[in-house]
Amino acid sequence: MVQYNFKKITVVPSGKDFIDIILSRTQRQTPTVVHKGYPISRLREFYMRKVKFTQQNFHEKLSAIIDEFPRLDDIHPFYGDLLHVLYNKDHYKLALGQVNTARNIVGKIAKDYVRLLKYGDSLYRCKSLKVAALGRMCTVLKRISPSLAYLEQIRQHMARLPSIDPNTRTILICGYPNVGKSSFMNKITRADVDVQPYAFTTKSLFVGHTDYKYLRYQVIDTPGILDRPFEDRNIIEMCSITALAHLKAAVLFFLDVSGSCGYSIEQQTALFHSIKSLFMNKPLIVVCNKIDLQPLEGLSEEDMKFVMEMKTEAIKTVLAQGGDSNDEEVLLTMSTMTDEGVIAVKNAACERLLNQRVEIKMKSKKINDCLNRFHVAIPKPRDTKERPPCIPPAVLEARAKANEEKGKRKLEKDLEEENGGAGVYSANLRKHYILADEEWKEDIMPEILDGHNVYDFVDPDILLRLEELEREEGLHLEANVDEEDFEMDGKELTEEERQLLAEIRRKKNLLIQEHRMKKSTAESRPIVPRKFDKDKKYTSERMGRELSALGIDPSKAIDRARSRSVTRRGRKRERSLGREGEEGEAMDIDDELSNKKLRTRSRSRSRSKSRPPGEVTPGEGFKDSAQKLKAIKIAKKSVKVRNKAARKGEADRVIPNLKPKHLFSGKRSIGKTTRR
């Protein structure tokens, strides 16, 4: 059995991608380093290898394209004509011929330039010849770019073609458009063909499979055919004609007796007579579809006459094959809407096809070859005594016992039917439990949580207690509602109670105000806006007068205010506050600074001071400044020689181990890489 699977054809790259693939492979898989000091023989060999390798890759890729695409003369005539209908045989052969010509030209170019490279007298001459050879090869590939693009489109379309085996058991469905061919196929196979109430919904061949008598049958749904001259038919109709012409199949000609397809019975009969030459030597069945809309008995005499003509032609095909003329087998009725007669049509077609294939095989010479191999041996009787087969009594008893048990035992299905059927009867799975006591089977299984039986912790009076709690909660809610309704109204209080209430409220307000005053720290105070002192009322003189009135010496505060800049915006670093004679920093008038900033400034006061290099700070380990200066001098002297020689020191960036270049550069050769 030959299988035609066009999905395995390799993708055909475009001209530009083809060149990129070949040249990158040449670059990766051939040596790349060459020096002018090499002997001329080595230089010639280097560039000859590149030209030969490139030509070999071009040859392999182009040969794969030519070999994988099917040759129309070598494949089955059905696929040959189908490809001709879809893609035009001449264009297809021309594209493959151009690819073959390009392959030969590339081979000739490589051969010529390899001959020239043998006489190259310098590195430059050899390199120029190599560049010219590869350039000419790429030019040849660019010229066949349209053919490569055309072959890629054909490959994509062929990959979508159905996988049809021309030699297997096949049922072919044909007829006018919209007569119910796809609906019938969906009924008898798993194929999901699109069904719509308009003509030419099916635009290509569709394949499904069905079973009959443990044999697999191939069902092909063809596009609709119109009754017109052969030259006027389009590609969609020609697909159906090709299948009818070349496939050995049982043909089902569908006839819409209701006329809902848009074509009368007379037109459908004319189509039958125009293509009946394609039905020769094939089992033919005329199927009258849509009898739910129009029964066959209700047709007019004229339409019935056309139907009988088709029936007569179908009987002729049966007689031509040497069969019996059975009226019931050649004209069948059905309705895909109500499924009436669908299975009968399928069975009749499969049976007719099976009988024809068996007859053909019986008439062939193969049956004689098989019969010669068979020999049936019949032993001669030694006497006239009858010897019936002897079965031991123990076996007979065992069989009888097994039959009795089989008759007595009731299955769950029988019990279900006796007790009301599905949905009413539920099978009891516990009756098959193997327990010490049969009564235990119906016990309620405990629900276990964390190693404890949940039912042991369930209070049997829980519902009564829940009702009590709900009543108690209702009483509490009613009491709360009564309390919420009570308001402190002055009309209900005496004069003395009113005075006490007023005193309580006044004292409460005082407490709130005190709390707010305590809470108003530097962070929570509002920021004074820039335009606060427009008229220059708040001057240092006024501040001095107010401080003098309070009995405080204002001189230091005024000096400090004048020495500080008015704004600090844009400064990256605060000025150090550790000046001499600045004990009055608590009198800082800049209230905008928060306590947090003050703490930060006081903490960094010692760090912001600049010290002489010889000053000793606690913890450095020096006795005095002289010892520290001496240590600094010795340290500078020790690194002087190393710095002068530009050696790396402990403060320099260090790369611990240098990678050996000969192991980690260049191309990786074939073999193990564990040593790396």
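**Q** What's the story with the overall build of the protein chain in this structure? I'm lost.
**A** A tally of helices and strands in the protein chain yields 23 helices and eight strands. Taken over 676 residues, the protein chain has a buried fraction of 29%. Within the protein chain, counting contacts between residues at least 6 apart in sequence, those at least 24 apart form 67% of the total. Carbon and sulfur atoms form 54% of the exposed surface of the protein chain, whose accessible area is close to 49,100 Å².

**Q** Is there a simple way to think about a positive patch on the surface in this case?
**A** Residues K633, K637, K640 and K644 make up a contiguous surface patch of positive charge. Relative to the elements of secondary structure, K633 occurs in helix α22 (residues 625–644).

**Q** Can you help me understand the nonpolar core in this one?
**A** Soluble globular proteins tend to pack their nonpolar side chains together in the buried interior. F69, L141, F184, L252, F253 and F279 are the most contacted members of the largest nonpolar core, which has 111 residues in total. Per-element accounting of this core gives the leading share, 11 residues, to helix α4 (residues 89–117).

**Q** Explanation requested: the sheet that holds strand β5 (residues 284–289) in the structure shown.
**A** With mixed pairing, the six strands of this open sheet are ordered in space as β2-β3-β1-β4-β5-β6. Only two strands of the sheet have a single partner each, and these edge strands are β2 (206–212) and β6 (331–333). Sheet twist, expressed as the mean angle between neighbouring strand axes with direction ignored, is 25°. Pairing geometry for strand β4 (residues 250–256) and β5, over six bridges, is parallel. Each bridged residue has a counterpart across the sheet, and for L252 the counterpart in β5 is I285. In this fold helix α9 (residues 265–274) packs onto β1 (170–175), β4 and β5, with an angle of close to 160° to the strand it touches most, β4.

**Q** What am I meant to see in the pairing of β1 here?
**A** Here is the key point about a regular strand: its side chains alternate between the two faces of the sheet. Of all six residues making up β1, six are buried, and the element is well covered by its neighbours. In β1, alternate side chains face the same way, and those of T170, L172 and C174 on one face and I171, I173 and G175 on the other are all buried. Inspection of the sheet shows β1 paired to strand β3 (residues 215–221) by four bridges, in the parallel sense. Following the sheet pairing, T170 is matched in β3 by Q218. For β1 and β4, the ladder comprises five bridges, and the chain directions are parallel. Bridging across to β4, I173 finds its partner in L252.

**Q** Sorry if this is basic, but what is going on with α22 here?
**A** Note: α-helices contain 3.6 residues per turn, so residues at a spacing of three or four share the same orientation. Taking 1.5 Å of rise per residue, 20 residues should cover 28 Å, and α22 covers 29 Å from first to last C-alpha, within 8% of that figure. With one of its 20 residues buried, α22 lies for the most part at the surface.

**Q** Before we go on, may I ask you to explain a negative patch on the surface in this structure?
**A** On the surface, a cluster of negative charge is contributed by E467, E468, E470, E472 and E473. Within the element layout of this structure, E467 appears in helix α16 (residues 462–485).

Calculation notes
- Residues numbered from 1 in each chain as written.
- Predicted model: local features only at pLDDT ≥ 70, side-chain atom pairs only at ≥ 80, totals over all residues.
- Heavy atoms only, no water.
- Helix = DSSP H or I, 4+ residues; strand = E, 2+ residues; numbered from the N terminus.
- Buried < 20%, exposed > 50% of the residue type's maximum accessible area, 1.4 Å probe, protein only.
- Contact = heavy atoms within 4.5 Å.
- Areas by Shrake-Rupley, 256 points an atom, 1.4 Å probe, with all protein chains shown as cover.
- Patch = residues over 30% accessible without salt bridge, like charges linked within 9 Å, V, L, I, M, F, W, Y side chains within 5 Å.
- Salt bridge = Lys/Arg side-chain N within 4 Å of Asp/Glu carboxyl O.
- Lys, Arg positive; Asp, Glu negative; His and termini not counted.
- Charge placed at Lys NZ, Arg CZ, Asp CG, Glu CD.
- Core = buried A, V, L, I, M, F, W, Y, C linked by side-chain atoms within 4.5 Å.
- Pairing = 2+ DSSP bridges.
- Axes fitted to C-alpha atoms, helices over the stretch in contact; angles between N-to-C directions.
- Expected span 1.5 Å × (residues − 1).

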